[in-house]
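Next come the chains, spelled out residue by residue.
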Amino acid sequence: GQRFWASKSNQPENFDTGTALADESLSFTLNELGRIEWMVATKDLVIGTTYGEYLAGSQDGPITPDDIQVEQQSSYGSKSVQPIQIGDQILFVSPDGRKLRATQYDFTKDNWLSRDVTFFSEHITKSGIRNFAWAQNPDQQLWCALEDGSCAVLSYERGEDVYGWAKATTDGFFRDFTSAILRGTSYVIALTQRENDSLYLEIQDNDVFMDSYLDATAQTPSTVFAGFDHLAGLAVQVLLDGALHPTVVVAQDGTITTEWEGTLCEAGLAYTSTMQTLPLDQRTQTGSAQPYQKRYNELLVTLLDSALPIINGERRPDRTPATPMDTREPNSTGLLRTEQVILGWNQDAIVTIEQPDPFPCTVLSISGELALEKL
């Protein structure tokens, strides 16, 4: 409803109202219609309802029964999803679930103002946000479970005002997310629904690039590894002693049989990491370059500790004479130069970078030499 309560000081279960003493419990009803959906305690108490956002405070220090003021700050409204406080901002979900808003106090306006963080990517959260979880370290990401079972991830560097959205799907559905911190690192925990409506708690490992992943160790080199019952009957990616093995179908008894011997078998559901640039526009002597046909004569991609990716459908040969047989090519850090026409002539000059293998791929920059023709 529209009413909220506060307990007696130092008695968290005592809500009996009595005299208007400073340490007495209190109850307060908002004047405007709208159900209270959430509360967040900052310097003041921020309240979100179905129709607007309010600030509860006082004139002299803590809120007391005889010193409480509630003022409406905005009228965007909220869905019944507990918000998350990031620095001096509060992130909350709009009533239709499609927008994520960030609200913070603005000293110049003397008011709490909010903006739509999904403004440039509304298609990603179109089905609606069910719930979310914040992972602070190392990448500052907000993991959102969507109503259609997919996942939207917001990378949000609050201090630099840098943010970007990505979409993720899996063999099944993402139902919920939470996060936990271990030795300063945030681990995302997903509630995932897979075949036969089975539910799994799956913990994100920043060094693993497969879904529903597990590993098995043999005391001596072997071609049979057990323990993959949850993946029975499914085709999985396999790393055998760190090297990529051909795709394997897990037997009904949960075992994996490999083509050669090894001691460490890592297996999980495959996915392809994909990034794509926006259509390129740059200033020309006549104004915008949008009407021009474009072609990359040379494309430069800077990688950080990454396996070689596929760039616009092509992957540069990734074996060198210095790499021993039966071992994976080491990750690369530095400039990857592609000296060929990647796309031919077109108006967009979009660059697509993919990594279908279960290896890391971190792109620091994309640049190159571009030719323009008004064909």
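Here, the structure is the one placed above.
Residues numbered from 1 in each chain as written. Predicted model: local features only at pLDDT ≥ 70, side-chain atom pairs only at ≥ 80, totals over all residues. Heavy atoms only, no water.

Engineer: What is the right way to look at the environment of Tyr156 in this model?
Structural biologist: Of note, Tyr156 is situated in strand E13 (residues 151-157). Those residues in contact with Tyr156, other than ones at most four positions away along the chain, are Ile86, Gln89, Leu91, Ala102, Arg115, Trp134, Gln140, Val162 and Tyr163. (Helix = DSSP H or I, 4+ residues; strand = E, 2+ residues; numbered from the N terminus. Contact = heavy atoms within 4.5 Å.)

Engineer: How should I be thinking about the side chain of Ser212 in this particular structure?
Structural biologist: Residue placement: Ser212 occurs in strand E18 (residues 211-225). For Ser212, a relative accessible area of 7% corresponds to the buried category. Apart from the residues within four sequence positions on either side, Ser212 is in contact with Arg194, Glu202, His230, Leu231, Ala267, Gly268 and Leu269. (Buried < 20%, exposed > 50% of the residue type's maximum accessible area, 1.4 Å probe, protein only.)

Engineer: Help me understand the sheet that holds strand E11 (residues 129-135), please; the structure alone is not making it clear to me.
Structural biologist: Either a parallel or an antiparallel arrangement is found when strands of a sheet pair, and the pairing is made through backbone hydrogen bonds. Here we have four strands laid out as an open sheet, ordered E11-E12-E13-E14, and antiparallel in their pairing. Edge positions in the sheet fall to E11 and strand E14 (162-168), since each of these pairs with one other strand and no more. Averaged over all neighbouring strand pairs, the angle between strand axes comes to 20 degrees, with direction disregarded. The pairing of strand E12 (residues 141-146) with E13 spans five bridges and is classified as antiparallel. Among the inter-strand pairings, Trp143 is bridged to a residue of E13, identified as Val153. (Pairing = 2+ DSSP bridges. Axes fitted to C-alpha atoms, helices over the stretch in contact; angles between N-to-C directions.)

Engineer: Can you help me understand the side chain of Thr192 in this one?
Structural biologist: Inspection of the secondary structure assignment puts Thr192 in strand E16 (residues 185-193). Among all residues touching Thr192, those that are not within four sequence positions of it are Thr170, Phe173, Phe174, Ser198, Leu199, Tyr200 and Glu202.

Engineer: Could you clarify how one ought to interpret the nonpolar core in this entry?
Structural biologist: Most often, soluble globular proteins keep nonpolar side chains buried together rather than apart. One finds Leu91, Leu100, Phe132, Leu142, Cys144, Leu154 and Trp165 to be the most contacted residues of the largest nonpolar core, which totals 19 residues. For this core, the secondary structure elements donating two or more residues are strand E7 (84-86), strand E8 (89-93), strand E9 (100-106), E11, E12 and E13. Formed by 15 residues, the second largest nonpolar core is a distinct cluster that contains Phe225, Phe228, Leu231 and Cys265. (Core = buried A, V, L, I, M, F, W, Y, C linked by side-chain atoms within 4.5 Å.)

Engineer: Can you help me understand the pairing of strand E28 (residues 352-355) in this one?
Structural biologist: Along any regular strand, the residues point their side chains to alternate faces of the sheet. With four bridges joining them, strand E22 (residues 273-276) and E28 adopt antiparallel strand pairing. Within E28, the residue paired with Ser273 across the bridge is Gln355.

Engineer: I keep staring at the packing of aromatic side chains and nothing clicks. Help me out?
Structural biologist: As enumerated under the stated definition, the model contains seven aromatic pairs in all. Their ring planes at 40 degrees and their centres at 5.5 Å tell us that Trp38 and Phe92 sit as a pair that is tilted. A residue pair is termed long-range when its members are at least 10 positions apart, and Trp38 in strand E3 (residues 36-41) and Phe92 in strand E8 qualify at 54 residues. Each member of the pair, Trp38 together with Phe92, is buried. Taken together, Tyr105, Phe107 and Trp112 form an aromatic cluster joined through their ring pairs. Note that Arg101 overlies the ring of Tyr76, its terminal NZ or CZ placed 3.5 Å from the centroid. (Phe/Tyr/Trp six-rings, centres within 6.5 Å; stacked < 30°, edge-to-face > 60°. Lys NZ or Arg CZ within 6 Å of the ring centre and 35° of its normal.)

Engineer: Hey, could you run me through the pairing of strand E21 (residues 256-269) in this one?
Structural biologist: Here E18 pairs with E21 via eight bridges, running antiparallel. Note that in E21 the partner of Ser222 across the bridge is Gly262. Note that strand E19 (residues 235-240) and E21 share four bridges and pair antiparallel. By the bridge assignment for E21, Leu239 is matched with Glu266.

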